[in-house]
Amino acid sequence: MWWALRPPGILPPGMVLKAFFPTCCVSTDSGLLVGRWVPEQSSAVVLAVLHFPFIPIQVKQLLAQVRQASQVGVAVLGTWCHCRQEPEESLGRFLESLGAVFPHEPWLRLCRERGGTFWSCEATHRQAPTAPGAPGEDQVMLIFYDQRQVLLSQLHLPTVLPDRQAGATTASTGGLAAVFDTVARSEVLFRSDRFDEGPVRLSHWQSEGVEASILAELARRASGPICLLLASLLSLVSAVSACRVFKLWPLSFLGSKLSTCEQLRHRLEHLTLIFSTRKAENPAQLMRKANTVASVLLDVALGLMLLSWLHGRSRIGHLADALVPVADHVAEELQHLLQWLMGAPAGLKMNRALDQVLGRFFLYHIHLWISYIHLMSPFVEHILWHVGLSACLGLTVALSLLSDIIALLTFHIYCFYVYGARLYCLKIHGLSSLWRLFRGKKWNVLRQRVDSCSYDLDQLFIGTLLFTILLFLLPTTALYYLVFTLLRLLVVAVQGLIHLLVDLINSLPLYSLGLRLCRPYRLAGSEPWRPEATGLCSSALGFSGLGSLNCRPGAKRGKVRGTRSQQGGHHPLA
């Protein structure tokens, strides 16, 4: 579906010539139109503008090299005039003389008033049509397309289309396919930019510099040796970490329990993937590597921000001074909680002997914990300083260290939970075994099932006594287990939020989200695109028509004044 404007009173003639013009060349200086002519579709695909001055023999040599490398029939299609007013007479004669130097049929002439909205187009035929029924004038449809979007969207078709072999391609579909195929295969023409000191100067989508920056090109050339060196260092670190010494029991246990060790292993894998010299085999691997680079850069940037905040205005000293009082306050609140449990909590009648034993046992642990905190208080500031310094490796490493510090500071709560859970489980298993004894059952360990069994009177008497004792002691144990389980769940919830933030930073597809918001055409699928199967219109593919101009071969020029959106705008790939 093409957008076109016709001047009033002009009827569509028999032949329509479509000229595809890149939007990046709309404001360039005057020159020659370099591109490909598709005779089957009566279409001209303009790829670049060749500027004055130039030597014709050098231009012909360049076109021959491009044709040999890309297997595309690149030629000079016509002239492009971008002036402040109507072309001068000397410039017009010069442009007409270029048709004899670079013979092409038909010879296009595109002209635009600089800073204005007026365009003119000519399709010159040196050999006038001699057939009686041949039309006397051609209608030229000028269509803009975004060269960068067409090339980077990877929607171009293979060299030989299956539909072309079957002969089922329509005229409009074949013309659109030819545009994609021409731009994709002519990438060798876009390797030169305005920084090259060659005899020929071209304007195309990369004229301002290959990949938009010379610094990027220098970084790309230097990235090979740097990546090789860093990959060697990372492989050495991986070999050292895989040593048998780190697989011994104490080190392996700590490595599996500490969040910092897990995050360092993840960071080592990320850096190994980033600095790998092996090229990506498919777009999915390339996207994964780009997402990893973006997430690592974001992580390091957030870590440096945290580091600058911690080391500013002696905040580490303030945190160290506030940490010990907070730990003392938590210990005091636990002591008050245990004293409440040793009385009559919520009016419940507890077993006083067991209640006193459990309460004093846990109070002794809290006393040991307070002594440990006061023993470590002189070193807290140095520990926090090194923790803040670890933020250079990324915010995730600092958060993992924070999670481990919380686990160490609440180690007494973890011990309380383990003691209560173990005692509660022992009583539950004892009650279940004695309940089977009342029913004349027993647990068969070999067959892993419950079988019938006959017990004598002494066994039943002892079982009844034990069952009664465990049943009346169960509420006291269950209350301690419930309280310490809730405390443990609170600590686990805080650590879970920290780990959730760490996983979010590690797995956030920041590069894909950026492409989806800024350049969605880069997220095209990897399957070959078939125009007749998708049903996409030209406006959704980065094309916009400017106008259809009624031109007499070699006679006069038609003018059309387009709107602002028709002249300068284009539709991005969705």
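Note that the structure is a prediction, hence the values are computed from the model and not measured. (Residues numbered from 1 in each chain as written. Predicted model: local features only at pLDDT ≥ 70, side-chain atom pairs only at ≥ 80, totals over all residues. Heavy atoms only, no water.)

Enquirer: How should the UniProt feature "transmembrane region" (unreviewed entry) in the protein chain be read in this particular structure?
Expert: As recorded in UniProt, the feature "transmembrane region" (unreviewed entry) lies at residues 292–310, 357–377, 460–482 and 489–513. Here residues 357–377 is 95% helix and 0% strand, with 31 Å between the C-alpha atoms at its ends. This span, residues 489–513, is 92% helix and 0% strand, and a straight line between its end C-alpha atoms measures 35 Å. (UniProt positions renumbered as here; feature names shortened; annotations may be inferred. Helix = DSSP H or I, 4+ residues; strand = E, 2+ residues; numbered from the N terminus.)

Enquirer: Sorry if this is basic, but what is going on with unusual backbone geometry here?
Expert: For residues besides glycine, phi is generally negative; the peptide bonds are generally trans as well. Here the phi dihedral of Q71 falls at roughly 60°; this positive angle occurs in a residue that is not glycine. Within the secondary structure, Q71 sits in the loop between α1 (56–70) and β4 (74–83). With phi around 55°, Q448 is a residue other than glycine that occupies positive phi space. In this fold, Q448 is placed in the loop between β9 (441–444) and β10 (449–452).

Enquirer: Would you take a moment to explain the nonpolar core for this structure?
Expert: Most often, soluble globular proteins keep nonpolar side chains buried together rather than apart. If you look at the biggest cluster of nonpolar residues, it comprises 32 residues, and the most contacted ones within it are L50, V59, V183 and L189. Only β2 (31–38), β3 (43–51), α1, β4, β7 (138–145), α3 (147–152) and α5 (171–185) provide two or more residues apiece to this core. When residues in this core are grouped by element, the largest group, five residues, is from α5. In this view, L50 contacts S30, G31, L32, V34, V59, V200, R201 and L202; residues no more than four positions away in its chain are not counted. Residues L399, L473, L479 and Y480 belong to the second largest nonpolar core, which totals 25 residues. (Core = buried A, V, L, I, M, F, W, Y, C linked by side-chain atoms within 4.5 Å. Buried < 20%, exposed > 50% of the residue type's maximum accessible area, 1.4 Å probe, protein only. Contact = heavy atoms within 4.5 Å.)

Enquirer: What exactly am I supposed to notice about the side chain of K18 here?
Expert: Counting through the fold element by element, K18 comes out in strand β1 (residues 16–22). Although buried, K18 forms no salt bridge, and the nearest oppositely charged side chain, E40, lies 11 Å from it. Ignoring any residue separated from it by four or fewer positions in sequence, one finds K18 in contact with Q41, S42, S43, A44, M141 and I143. (Lys, Arg positive; Asp, Glu negative; His and termini not counted. Salt bridge = Lys/Arg side-chain N within 4 Å of Asp/Glu carboxyl O.)

Enquirer: Which parts of the structure should I look at to understand the pattern of salt bridges?
Expert: When the charged atoms of two side chains lie near each other, side chains of opposite charge can form a pair. Evaluation of the coordinates by the stated rule reveals three salt bridges. A salt bridge links R265 to E262, with the shortest nitrogen-to-oxygen separation between them at 2.5 Å. One end of the pair is R265 and the other is E262, both in helix α8 (residues 259–274) and three residues apart, which spans about a single turn. Exposure remark for R265: the relative accessible area of 40% places this residue in the partly exposed category.

Enquirer: How do you make sense of the confidence of the model for the protein chain when you look at a structure like this?
Expert: Reading predicted coordinates in detail is not appropriate for stretches of low pLDDT. For the protein chain, the average pLDDT comes to 74, and 73% of its residues sit at 70 or higher. Summarising per-element confidence for the protein chain, the mean pLDDT is lowest in helix α18 (residues 564–567) (36) and highest in helix α15 (residues 457–507) (91). Across residues 130–136, where pLDDT falls below 50, the model places three contacts with residues more than four positions away in sequence or in other chains. The low-confidence segment residues 158–173 (pLDDT under 50) makes 19 contacts with residues lying over four places distant or belonging to another chain. (pLDDT = per-residue confidence, 0-100.)

Enquirer: Please explain the packing of aromatic side chains as it appears in this structure.
Expert: In this description, a pair of aromatic rings is defined by centroid distance and the angle of the planes. This model, assessed by the stated rule, comprises 14 aromatic pairs. Aromatic pair F21 and W80: ring centres 5.1 Å apart, planes at 40°, arrangement tilted. Of this pair, F21 sits in strand β1 while W80 sits in strand β4, placing them 59 residues apart in sequence. With respect to class, F21 is no different from W80; both count as buried. Their ring planes at 45° and their centres at 6.2 Å tell us that Y480 and F484 sit as a pair that is tilted. Note that Y480 and F484 are positioned in helix α15 at a spacing of four residues, about one turn of the helix. The burial state of Y480 is the same as that of F484; both residues are buried. Grouped by ring-pair contacts, the aromatic residues F361, F362, F416, Y419, Y480 and F484 constitute a single cluster. (Phe/Tyr/Trp six-rings, centres within 6.5 Å; stacked < 30°, edge-to-face > 60°.)

Enquirer: Quick question: what am I supposed to make of the packing of helix α11 (residues 352–376) against α15 here?
Expert: Viewed as axis vectors pointing N to C, α11 and α15 meet at an angle of 25°, and their least axial separation amounts to 10 Å. Comparing their axes, α15 and α11 come out roughly parallel. The two elements α11 and α15 cross, and the hand of that crossing is right-handed. Listed contacts from α15 to L354, D355, L358, G359 and F362 of α11 are L473, T476, T477, Y480 and F484. (Axes fitted to C-alpha atoms, helices over the stretch in contact; angles between N-to-C directions. Parallel < 35°, antiparallel > 145°, perpendicular 65-115°, else oblique. Left-handed = near helix turned anticlockwise from the far one by under 90°.)

Enquirer: Could you clarify how one ought to interpret the pairing of β10 in this entry?
Expert: Successive side chains on a regular strand alternate, one facing one side of the sheet and the next facing the other. Bridge count for β9 against β10 is four bridges, and the pairing is antiparallel. Considered in β10, the bridge of W443 is made with V450. (Pairing = 2+ DSSP bridges.)

Enquirer: How do you make sense of helix α9 (residues 283–310) when you look at a structure like this?
Expert: Helical geometry: 3.6 residues make up each α-helical turn, so side chains three or four residues apart lie on a common side. In this model, α9 (28 residues) spans 40 Å end to end at C-alpha, consistent with the 40 Å of a helix rising 1.5 Å per residue. Looking at α9, one finds that the buried residues are A290, N291, T292, A294, S295, V296, D299, G303, L307 and L310. Buried residues in α9 make contact with α8, α10 (315–342), α12 (380–389), α13 (395–409), α15 and α16 (510–518). (Expected span 1.5 Å × (residues − 1).)

Enquirer: When you look at α10 in this model, what are you seeing that I'm missing?
Expert: For α10, which comprises 28 residues, the first-to-last C-alpha distance of 41 Å matches the rise-based estimate of 40 Å (1.5 Å per residue) to within 8%. Regarding α10, the residues found buried are I316, G317, A320, V324, A327, D328, A331, L334, L338, L341 and M342. Lining the buried residues of α10 we find α9, α11, α12, α14 (411–438) and α15.

Enquirer: In this structure, what is going on with the pairing of β2? I would like to understand it.
Expert: Most of β2 sits out of view: eight of its eight residues are buried. As paired strands, β2 and β3 are joined by eight bridges and run antiparallel to one another. Bridging from a neighbouring strand, V38 pairs with S43 of β3. As paired elements, β2 and β4 share six bridges and run antiparallel to each other.

Enquirer: Help me understand the environment of W443, please; the structure alone is not making it clear to me.
Expert: By secondary structure assignment, the location of W443 is in strand β9. The spatial distance from the C-alpha of W443 to the C-alpha of S433 is 7.9 Å, given a sequence separation of ten residues. Discounting chain neighbours no more than four positions away, the residues touching W443 are R436, Q448, R449 and V450.

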